[in-house]
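For reference, the chains in residue letters:
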Amino acid sequence: MIIGMSTATFTLLHVIISLIGIVTGLVVVAGLWSGKRLSSWTGLFLLTTVLTDITGFMFPVAGLDPARVVGIISLVALAISILAFYTYHAARAWRWIYVTTALFSLYLNCFVGVVQSFQKIPALHALAPKGNEPAFVGSQVTLILAFIVIGIISLRRFHPTTQGAVYA
């Protein structure tokens, strides 16, 4: 039992929150590419990604494992992203700090999603049972390269202003 739920139910809740974080994060990326703040979507992305990390810490594990290290790193990046977006309005240097930390947090959520997919989905697990086979490594390399490109495009296109900002 985890916070009054069976482990299976809690795991499902954690996965749903994670997927909402990923989907809303992709909407935020579309906003970055079009130079729009998309404040409501950004808030939902940041909230669900924080909740993903927090719920991840609730799973019973002895000691500090790689998943918890990723969770800690993600929470630090999210704290900086929230500060950059809500306190400093992504202005001046806080623009690239927000974009970088928000995208890094989304990347970490996707990274864990790929890891979990190869561990839990039988067809993927058959391709990479140890997690170091070409299918797994290729997936992770493709993911990080995609996020590098997404980051470069986002940094070039996202220049928020208080006038004409879209708060969708």
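Nothing here was measured: the structure is a model prediction, and the numbers come from that model.

A. Seen up close, the side chain of S81. Within the fold, S81 resides in helix α3 (residues 66–87). S81 sits in the buried class, given a relative accessible area of 0%. Ignoring anything within four residues of it in the chain, the contact list for S81 reads L46, Y98, T101 and A102.

B. A look at helix α1 (residues 7–33). Between its terminal C-alpha atoms α1 stretches 39 Å, which fits the 39 Å expected from 27 residues at 1.5 Å a residue. Where the residues of α1 are buried, they touch α2 (39–57), α4 (93–120) and α6 (134–157). Looking one or two residues past α1, G35 carries a phi angle of roughly 75 degrees, positive in sign.

C. Region of the structure containing the packing of aromatic side chains. Under the counting rule described, the total for this entry stands at eight aromatic pairs. A centroid spacing of 4.9 Å and a plane angle of 80 degrees characterise the contact between F85 and Y86, whose relative ring orientation is edge-to-face. Relative accessible area serves as the criterion here: at 1%, F85 is assigned to the buried category. Each ring, one from F85 and one from Y98, has its centre 4.9 Å from the other, and the planes form 40 degrees; the classification is tilted. Of this pair, F85 sits in helix α3 while Y98 sits in helix α4, placing them 13 residues apart in sequence. Across this residue pair, the class does not change: F85 and Y98 are buried. Ring pairs connect the aromatic residues F85, Y86, Y98 and F158, which therefore count as one cluster. Directly above the aromatic system of F85 lies the positively charged group of R37, at a separation of 4.3 Å from the ring centroid.

D. Seen up close, the confidence of the model for the protein. Residue-level pLDDT values for the protein average 93, and 95% of them are 70 or greater. Here residues 163–168 is modelled with pLDDT under 50, and outside its nearest four sequence neighbours on either side it reaches 13 contacts, counting other chains as well.

E. Highlighting the environment of T87. Structurally, T87 is set in helix α3. Placed 25 residues apart in sequence, T87 and V112 show a C-alpha to C-alpha distance of 29 Å.

F. Expanded view of the packing of α1 against α4. Two elements in contact, α1 and α4, have axes separated by 10 Å at closest approach and are oriented at 145 degrees. The two elements α1 and α4 cross, and the hand of that crossing is left-handed. Residue-level inspection shows S18, G21, I22, G25, L26, V28, V29 and L32 of α1 in contact with α4, the latter providing Y98, V99, L103, L106, N109 and C110. The residue inventory of the contact of α1 with α4, partitioned by class, reads ten nonpolar, four polar and no charged.

G. The pattern of salt bridges, seen in detail. Counting across every chain of the model gives one salt bridge. One salt bridge connects R68 with D65, and the closest N-O pair in it is separated by 3.7 Å.

Definitions and cut-offs
- Sequence order as written defines the numbering, with residues in each chain counted from 1.
- In keeping with the predicted nature of the model, local features appear solely for residues at pLDDT of at least 70, side-chain atom pairs appear and are counted solely at 80 or more, and the whole-chain, interface and lining totals rest on all residues.
- Side-chain numbers come from the whole structure's heavy atoms, not from hydrogens or water.
- Think of it this way: any DSSP run of H or I at least four residues long counts as a helix, any run of E at least two long counts as a strand, and we number them from the N terminus.
- Exposure classes here rest on a 1.4 Å probe applied to the protein chains alone. A residue is buried below 20% of its type maximum, exposed above 50%, and partly exposed in between.
- Any two residues whose heavy atoms approach within 4.5 Å are treated as being in contact.
- The span expected for a helix works out to 1.5 Å for each residue beyond the first.
- Between 30 and 60 degrees the pair is tilted, below 30 it is stacked and above 60 it is edge-to-face, where a pair is any two Phe, Tyr or Trp rings, Trp via its six-membered ring, whose centres lie within 6.5 Å.
- Geometrically, a charge over a ring is one whose NZ (Lys) or CZ (Arg) sits within 6 Å of the ring centre while staying within 35 degrees of the ring normal.
- Per residue, pLDDT measures the predictor's confidence, with a range of 0 to 100.
- What counts as an axis is a line fitted to C-alpha atoms, over the stretch in contact for a helix, and the angles between N-to-C directions run from 0 to 180 degrees.
- In this scheme, a crossing is called left-handed if the near helix is turned counterclockwise away from the far one by less than a right angle; it is called right-handed if the turn is clockwise.
- Throughout, the ten residues Ala, Val, Leu, Ile, Met, Phe, Trp, Tyr, Cys and Pro are labelled nonpolar, Asp, Glu, Lys and Arg are labelled charged, and all others, Gly among them, are labelled polar.
- Whenever Lys or Arg places a side-chain nitrogen within 4 Å of a carboxyl oxygen from Asp or Glu, that contact is recorded as a salt bridge.

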